[in-house]
Each structure stands twice: as structure tokens, then as C-alpha cells.
Amino acid sequence: MFWRLVARHRRGVVLSIVLLGAFLLLTVQVRHDRAVVSFVRQAILFTVAPFIKLTAMTAGGAGAVWRDYVDLRKVRQDNLRLQREAAFLQQRIDQLEEQALETRRLQGLLAMRETWRADYLAARVVGKDATNWFKTILIDRGSRSGLRRNLPVVAPDGLVGRVVEVTPSTAKVQLITDPVSAAGALMQRTRVTGIVSGHLDAGLRIRYLPLLADVAAGDEVVTSGMGGVFPKGIPVGRVISVERKSGALFQEAALQPKVDLGRLEEVLILMGTEQREGFESRNRGLP
Amino acid sequence: MKRFFVGLLACASAQAALLGSVSVGGVRPDLFILLLFFLSSRVSPEAATLQGFVLGLCQDALSGGPLGLRGFTFAFFGFLTAWLSHDLATERPVTQFWLLLTGAAGAGVLTFVLLTFFFEVFPLLPALAVIGPEAVYTAVVGFLLLRLPRVRATFARQT
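Residues numbered from 1 in each chain as written. Chains lettered and ligands numbered in written order. Predicted model: local features only at pLDDT ≥ 70, side-chain atom pairs only at ≥ 80, totals over all residues.

A.B. asks: Got a minute to help me understand the overall build of chain A in this structure?
C.D. replies: Tallying secondary structure elements over chain A gives five helices and twelve strands in all. In chain A, the share of contacts with a sequence separation of at least 24, taken over all contacts with a separation of at least 6, comes to 58%. (Helix = DSSP H or I, 4+ residues; strand = E, 2+ residues; numbered from the N terminus. Contact = placed C-beta atoms within 7 Å.)

A.B. asks: Whenever I open this one, the overall build of chain B confuses me. Can you help?
C.D. replies: Counting its regular elements, chain B contains seven helices and zero strands. Counting from the amino terminus, chain B carries its helices and strands in the arrangement α-α-α-α-α-α-α. Within chain B, buried positions represent 46% of all 159 residues. (Buried ≥ 20, exposed ≤ 12 C-beta atoms within 10 Å, placed from the backbone.)

A.B. asks: When you look at the sheet that holds strand S11 (residues 250–257) of chain A in this model, what are you seeing that I'm missing?
C.D. replies: Residues and elements named next belong to chain A. Pairing within the closed barrel is antiparallel, and its six strands lie in the order S6-S7-S8-S11-S10-S9. Strand-to-strand twist across the sheet, computed as the mean angle between neighbouring axes with direction ignored, equals 40°. Relative to strand S9 (residues 220–223), strand S6 (residues 182–187) is paired through three bridges, and the arrangement is antiparallel. Note that in S9 the partner of Leu186 across the bridge is Val222. (Pairing = 2+ DSSP bridges. Axes fitted to C-alpha atoms, helices over the stretch in contact; angles between N-to-C directions.)

A.B. asks: Honestly, the packing of helix H1 (residues 2–18) of chain B against helix H2 (residues 31–40) of chain B in this entry has me stumped. Any pointers?
C.D. replies: When two helices pack together, their arrangement is given by the angle between their axes and by how far apart the axes lie. All names here are of chain B. For the pair H1 and H2, the least separation of the axes is 9 Å and the interaxial angle reads 160°. In terms of axis orientation, H1 runs roughly antiparallel to H2. In this structure, H1 crosses over H2, and the sense of that crossing is right-handed. On H2, the residues touching Phe4, Gly7, Cys11, Ala14 and Gln15 of H1 are Leu31, Phe32, Leu35 and Leu39. (Parallel < 35°, antiparallel > 145°, perpendicular 65-115°, else oblique. Left-handed = near helix turned anticlockwise from the far one by under 90°.)

A.B. asks: Just to check I follow, could you spell out the environment of Arg8 of chain A for this structure?
C.D. replies: Tracing the backbone through its elements, the reader meets Arg8 of chain A in helix H1 (residues 2–8). A count of 10 C-beta atoms within 10 Å places Arg8 of chain A in the exposed class.

A.B. asks: What should I look at first to understand the interface of chain B and chain A in this one?
C.D. replies: Tallying the contact residues gives 46 residues for chain B and 45 residues for chain A. Among the elements of the structure, H1, helix H3 (45–61), helix H4 (69–88), helix H5 (93–118) and helix H6 (124–147) of chain B are those that each provide at least two residues to the side of chain B that touches chain A. It is H3 of chain B that provides the largest number of residues to the side of chain B that touches chain A, a total of nine residues. Across the side of chain B that touches chain A, the residue classes tally to 30 nonpolar, twelve polar and four charged. (Nonpolar A, V, L, I, M, F, W, Y, C, P; charged D, E, K, R; others polar.)

A.B. asks: Please explain H3 of chain B as it appears in this structure.
C.D. replies: One turn of the α-helix equals 3.6 residues, which is why residues spaced by three or four share an orientation. A rise of 1.5 Å per residue sets the reference length of H3 of chain B, with its 17 residues, at 24 Å; its end C-alpha atoms lie 24 Å apart and thus fit the reference within 8%. Across the 17 residues of H3 of chain B, 14 count as buried, placing the element largely inside the fold. (Expected span 1.5 Å × (residues − 1).)

A.B. asks: It is not clear to me how the pairing of strand S1 (residues 120–128) of chain A should be interpreted in this structure. Could you clarify?
C.D. replies: Working note: regular strand, side chains alternate between the two faces of the sheet. Residues and elements named next belong to chain A. Pairing analysis gives five bridges linking S1 to strand S12 (residues 266–270), with the strands arranged antiparallel. Within the sheet, the bridge partner assigned to Ala122 lies in S12 and is Leu268. As paired elements, S1 and strand S2 (residues 136–139) share three bridges and run antiparallel to each other. By the bridge assignment for S2, Gly127 is matched with Leu138.

A.B. asks: I tried to follow the confidence of the model for chain A on my own but got confused; where do I start?
C.D. replies: All names here are of chain A. Here chain A averages 82 in pLDDT, and 87% of its residues register 70 or above. Model confidence for chain A, summarised as mean pLDDT per element, is weakest for helix H5 (residues 277–283) at 41 and strongest for strand S5 (residues 171–175) at 94. Within the model, the stretch residues 273–287 combines pLDDT values under 50 with 23 contacts to residues more than four positions away or in other chains. (pLDDT = per-residue confidence, 0-100.)

A.B. asks: Before we go on, may I ask you to explain the packing of H2 of chain B against H6 of chain B in this structure?
C.D. replies: Residue and element names in this part refer to chain B. Running from N to C, H2 and H6 cross one another at 45°; their axes reach a closest spacing of 10 Å. If you check the angle between H2 and H6, you find them oblique. Pair H2 / H6 crosses with right-handed handedness. For the pair formed by H2 and H6, the contact residues are Ile33, Leu34 and Phe37 on the first element and Thr138, Val141, Gly142 and Leu145 on the second. Its residues assigned to classes, the contact of H2 with H6 comprises five nonpolar, two polar and no charged.

Here is the structure:
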């Protein structure tokens, strides 16, 4: 009787079971971060990540081939040799310019590494978040390189985010502009502390600033070191505007992120907690 | 089944690795929604529900969102698309565009409702600024894909 009823309403039963399963999955994550959810997530990421890396590499190669093809199509018969030479030289210039840009970026990373005296691991960005709702990136380093959850990720200009998922060869980094990210921060000029969180429009906000605190546009915001994830003193952003709502207990400010998170190509991961002392000592001299 | 997983891998790779270069104002088309739309119209509602759930889980795993968020949304929309596929079967370009737009916007609204229910950190106006452009961009890309002769022929056979 029961099975006949189930068979009769098979569509509704399947839909209900799947929706209920998805709903329970969401509930489990809100209440506890269960290991099984993390396992499923990592298993999918582990399966798909190699294809993403391969696609990124292929796209880069195909782009170069396409550019060559387009160049060659424009070559005239009567000056073929000169055109080829020009194309070759142009390609060399492009390569050198690209190398120069990469060198500049890497010099920036190196300078930061020397300034902050901490142990870093460099990684390339190979993918971006699959939705428009969240702000995460995929990098080409994973647990094989020693990465684990909650390691801070930085760029030469400042804070990028933290590692939230790790597979053997890749890792997912939650950017500071992600709507569900949060980091302890302080205003560099006045030492007032607050919490920096992301926003759906990819912007940044610093919240929970005392109502009477001196906050002004142009103020620099750095990490406070509170919360145990991000070391103290990493540049986060600059205040664009301050909001003081009537009746509110706190004031908040919109920030311009220090790092152009939409154009990240390489990042550095801060490895190990003992090396984070470098940040603290560097900023002890600040007012 | 094989075609589904090949499509899933291709879609996931393209979404994560390629679409960054075609983003407009930070918004990219959602290939997962398009794949769901194309696949669901050729299978039973039960199969479409399961396919939608798997597609959604994969997208969740590749995003910063909670696992099950898009799984729930896509399971529901997969079921709906398969259930209504015979009624919605059309060759008229304008109708196809509006169907894609409505589907993508509906998926966005359901995602927003779930996020609000579970997290309460998503204000309405910025969410609409994500849902609207994403739905339009996705519908435009889907519409253009349907203009490709091969896709068009496959889709016509399915419906």
C-alpha cells in the first residue's frame, strides 16, 4: 500500500527528499561545521580542480595561439618576411613586457617578504568563485605544500583573505570582500578597533567603531591581530566615507581595499604562527 | 549520464577559469543555470531534480557559499523545467530569452531567500544588484548559445 502510494507520487517524493536533503545540509552547516560536509566539499573540489587548472593553462596557451593567428592573417604576401619579423619582434616585446610586469609583481612580493620577515609561500590564482554571491579564489597550492585552513593570504599591497578549503594540490581562499568574511581591524591613526567585513558589491566596511571615535575619510585601516587568524599590521584599506546613523550604538565606514582583488594573479600565504611575530614587531613603532 | 558529467566538468572549468575575463562590472553569466536549463528539458522531472542537485552541489563546492544552497535551488528549478518542458517548448527567440531570464532571476531570488533564512547578512538592494545583472547576462549568453545551429538542433530534438 505504502510503496504503491510512493510509486504513484514518485515525482513529488523525489523532489521532497532532495529538497529536504539540501535543507538539512544547509542546517547542519549553520549549526555545526560538520566534517562530512567538509569531506564532500573537498571531494568535489579535488575532482574538479585539475580540470580547472588544465582549462586555465589551455586558455592561456590558446590565447597566445589566437593572437599569433590574428597577427599572421594580416600579413601581406609582398612583405611576408618583414611582417613575420615584425610579428616575432612584437611577440618578443610582449613576452619581455609580460616578464617585466611579472618581475615587478614578484619584486613587490619579495620586498614585502623581506620587510615583514615572515615565512611565505607564493601561489598563482587559477580560478574564481563559481557564483556572483561570494568572493573566493582558487590557488595552485594545497596541503602537499603545507597549506591548511585559516592561513592568512596577502599581496604586496595588503590583505587578501584566508584559506578556507584545502585539497592536496589546490586551496580556496575567501577574500576579505566576501559577504561572510570578517577580520579584526584598527584605524592606524587613532588605534580604534573594529571589524572589517565584506559586502555584496565587492566593497569593504569597518563596523562596530565607537560612536565618539575619531574616524575620517583617508584614514588607513590595518589588521588588529585580534581573532587569531590575521597577524597585526597588515594593510586592509582606506576609509572612503563614514556613516553615523542616529540612534545607532556604533558608527561604521566604507573602505577602499588596498589590494585590487579583481586582478589578482599571484598571492603569498603566511605559513606558521611563530613567523607572524614579524608583523607585530614591525608595527610596534607605530603611533 | 556520461554526457551529464562531461557537461558538468566542462561547465565547472569554464565557470571558474574562463569567465573572469568576460565579467561585466564583476558579474559573470551562470553556466550552471544554462546547463541545468538545457539538460532538464530532455529528462524526467525526477532525473532533472537529481541532476540539478548534483550541479548545485558542484557549484557550491567551487564557491564560498554553504553546501546545499545552489543544490536546493537547482533541484527545484530542474524539477520545474522538466515538468513544464512540454508546455515551455518553443522555437520563438523572444520567448526563449524570457524563459531563460525568468529562470535565472527565479534561481537568484530563491538563493537570496535561502541565504536570508540561514544567515541574515544579505541586504535586499545589493542582492537585487547581483540577481538582475546575472539573470540578464545569463539569459543573453543562453539565448546566443541557442542561436548556434548545433545547440539549436540538439535543443529542438530534446523538446
